[in-house]
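Below are the chains, spelled out letter by letter.
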Amino acid sequence: MNKMMFMACCYNDPEMLIDPDTVYPIRPECRADAPKTRFKPRPGLTLSPKRWKLLLNEGGCLDIAGMLKRVQRGGVHPTIKGEVWEFLLGCYDPKSTTEQRNQLRQQRRLEYEKLKTKCREMDTTVGSGRVVTMPVITEDGQPVEDPNSNGGARLSLVGSEQQTNGAPLPKEVIQWKLTLHQIGLDVNRTDRQLVYYERQENLARLWDILAVYSWIDKDIGYCQGMSDLCSPISILLEHEADAFWCFERLMRRVRGNFKSTSTSIGVRSQLTTLSSIMKAVDPKLHEHLENLDGGEYLFAFRMLMVLFRREFSFVDTMYLWELMWSMEYNPSLFSMLESDTGTSSTNTKDENVLRQCGKFERKKLQATKKDEIPLSVFVVASVLEAKNKLLLSEAKGLDDVVKILNDITGSLDAKKACRGALQIHEKYLNIVKAS
């Protein structure tokens, strides 16, 4: 199919005319307060369902370079976001066939069911369609009384290893059970403007995914903000197990942000990096922020922690994420995640391999001095640069900085923010190279 014929198909494709707000409807009473959606599928730019099928050969192998090019130009059509995200997040190898992916998907579904069964043995709320919002256990592992059971212990509702074998609960089980009501409280606050979460079963599904994840990641468990990251994935992917593993892949990227010590939390290291970047690319603005006691950039904490969920509408957040993931994509991603090495084996001299990298990743690989700064840090820098004049002229204190940044909610353009991030990244690399 030549380019003119393809463009004609796109413009005549009714799927390209879908309004994303109808795919992810907002409750009527929340529409006035919800940030306005800016993203609209655009023929010839957005990865459409028709184009997606053309990128897969007869065996199901994906033309990853073609996919990245399309996503970086105009995002992903709402009807295919879930399956595209699985590739962007490294759930599947683009060189895999449809049959190989089906086998891997089935293996993962069975593995998830085993994990969920184990969690259900420890707490019968898992998989029940309910959400825990009250503590179920004390710090020393004793069951909390259920206020609705006339003084009876909550054990009858939630189950307990302690109840079945008489032995004290293992420390890791206590730690896990202590997080369950925290997950529930966050789930009940997450994306509640969406019609989707009017259904209890959808709230419970999100809670289940987070509860199981909290069990497998014993080092970090559950932290506030994870529900914001998981929610879009839970909505997009029809099968709960697929959503779980997609979220697990996302957490591989960002879990360092939630890793805390007695003195700091992981995202602070990214804020320190942001400070260094701003000092290099815009010393005037950096100095101004320092004079306002904002040199540690704590006002950008939320942006990095939940990947701009508060600064963009629900639809625009998904658009921003897929732009960032496509720009950061490395063809070794699947093998890195499967082997859990965390290191790339990409041949930076092979043009065909580089062609399969996103724009941002390609620049990183070709840079003289290698770094592991995520694109999200440069997106924050891009947002600050976009408000440069306003921050310099109107910010007289940190409260003013916070207000200016809070006022951008719903007014940011995801593509412009990413484009600005790439420009700042290139400028920063040149400064580092020259130093």
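What you are looking at is a predicted structure, and each value in this text was computed from that prediction instead of being measured.

1. Notes on the packing of helix α13 (residues 267-281) against helix α14 (residues 283-291)
Taken N-terminus to C-terminus, the directions of α13 and α14 make an angle of 130°; their axes are 5 Å apart at the nearest point. Considered as vectors, α13 and α14 are oriented oblique to each other. Residue-level contacts link Ser275, Met278, Lys279, Ala280 and Val281 of α13 to Pro283, Leu285 and His286 of α14.

2. Quick notes on the pattern of salt bridges
Taken as a whole and judged by the stated rule, the model has 28 salt bridges. In this structure, the salt-bridge partner of lysine 116 is glutamate 240, at a minimum N-O distance of 2.8 Å. One end of the pair, lysine 116, is in helix α6 (residues 98-122); the other, glutamate 240, is in helix α12 (residues 240-258), and 124 residues separate them in sequence. Taken as a pair, lysine 116 and glutamate 240 share a single burial class, namely buried. One network of salt bridges, in which partners are shared, links Arg108, Glu248, Arg249, Arg252 and Glu338.

3. Overview of the confidence of the model for the protein
Detailed conclusions should not be drawn from predicted coordinates in areas where pLDDT is low. Chain-level statistics for the protein give a pLDDT mean of 89 and a share of 89% at 70 or above. Confidence drops under a pLDDT of 50 for residues 1-11, and excluding neighbours within four residues, the segment shows 12 contacts in the predicted structure. Predicted confidence is poor over residues 147-164, with pLDDT under 50, and the contacts of this stretch with residues over four places away or in other chains come to 42 contacts.

4. Looking at helix α23 (residues 414-434)
Taking 1.5 Å per residue, 21 residues should reach 30 Å; α23 reaches 30 Å between its end C-alpha atoms and fits that length. Buried within α23 we find Ala414, Ala417, Cys418, Gly420, Ala421, Leu422, Ile424, His425, Tyr428 and Leu429. Where the residues of α23 are buried, they touch α13, α16 (314-328), α19 (359-366) and α20 (375-386). Two to three positions downstream of the cap, the backbone nitrogen of lysine 415 sits 3.0 Å from a side-chain oxygen, assigning the N-cap of α23 to aspartate 413.

5. Here's the deal with the side chain of serine 376
Of note, serine 376 is situated in helix α20. Residues in contact with serine 376, not counting those within four places in the same chain, are Gln270, Leu304, Leu307, Phe308 and Met324.

6. Details of the packing of aromatic side chains
All told, the structure shown has 16 aromatic pairs when counted by the stated rule. Residues tyrosine 112 and phenylalanine 244 carry aromatic rings whose centres are separated by 4.8 Å and whose planes lie at 35° to one another, so their mutual orientation is tilted. Of the two residues, tyrosine 112 sits in helix α6 while phenylalanine 244 sits in helix α12, which places them 132 residues apart along the sequence. Phenylalanine 244 sits in the buried class, given a relative accessible area of 0%. Taken together, the ring pairs connect Trp52, Phe87 and Tyr92 into an aromatic cluster. Seen from the ring of tyrosine 92, arginine 108 lies directly overhead, with NZ or CZ sitting 5.1 Å from the centre. Directly above the aromatic system of tryptophan 215 lies the positively charged group of lysine 218, at a separation of 3.8 Å from the ring centroid.

7. Remarks on the environment of alanine 243
Summarising the element assignment, alanine 243 is placed in helix α12. Judged by relative accessible area, which is 0%, alanine 243 ranks as buried. Remark: the alpha-carbon pair of alanine 243 and leucine 206, spanning 37 residues in sequence, is separated by 9.4 Å.

8. Here we look at the environment of lysine 363
One can find lysine 363 in helix α19. Classification of lysine 363 as partly exposed rests on a relative accessible area of 36%. Expressed as a C-alpha distance, the spacing of lysine 363 and glutamate 426, which sit 63 residues apart in the sequence, is 7.7 Å. Beyond its immediate stretch of four places on either side in the chain, lysine 363 contacts His425, Glu426 and Leu429.

Cut-offs applied
- For every chain, the first residue of the written sequence is number 1, and numbering continues from 1 onward in sequence order.
- Side-chain atom pairs in this predicted model are given and counted only at pLDDT of 80 or more, local residue features only at pLDDT of at least 70, and totals for whole chains, interfaces and linings cover all residues.
- Computation of side-chain values covers all heavy atoms of the structure but excludes hydrogens and water.
- Angles run from 0 to 180 degrees between N-to-C directions of axes, and those axes are lines fitted to C-alpha atoms, restricted for helices to the stretch in contact.
- Strands are runs of DSSP state E lasting at least two residues, helices are runs of H or I lasting at least four, and both sets are numbered from the N terminus onward.
- Relative orientations are named as follows: roughly parallel for angles under 35 degrees, roughly antiparallel for angles over 145 degrees, roughly perpendicular for angles from 65 to 115 degrees, and oblique for any other angle.
- Any two residues whose heavy atoms approach within 4.5 Å at even a single point are treated as in contact.
- Just to be clear on terms, a salt bridge is a Lys or Arg side-chain nitrogen sitting within 4 Å of an Asp or Glu carboxyl oxygen.
- Type-normalised accessible area, obtained with a 1.4 Å probe on protein chains alone, sets the label of each residue: buried when under 20%, exposed when over 50%, and partly exposed for intermediate values.
- The quantity known as pLDDT measures the predictor's confidence residue by residue, on a range of 0 to 100.
- An expected span of 1.5 Å times one less than the residue number is assigned to each helix.
- Here a polar contact is recorded for every N or O atom pair within 3.5 Å, except that within protein the pair must consist of a potential hydrogen donor and a potential acceptor, and residues adjacent in sequence are included only if both atoms are side-chain atoms.
- Only rings of Phe, Tyr and Trp enter the pairing, Trp through its six-membered ring, and a pair is recorded when the two centres are within 6.5 Å. The plane angle decides the type: under 30 degrees is stacked, over 60 is edge-to-face, the rest tilted.
- In this analysis the charged atom, NZ for Lys or CZ for Arg, is taken to sit over a ring once it is within 6 Å of the ring centre and within 35 degrees of the ring normal.

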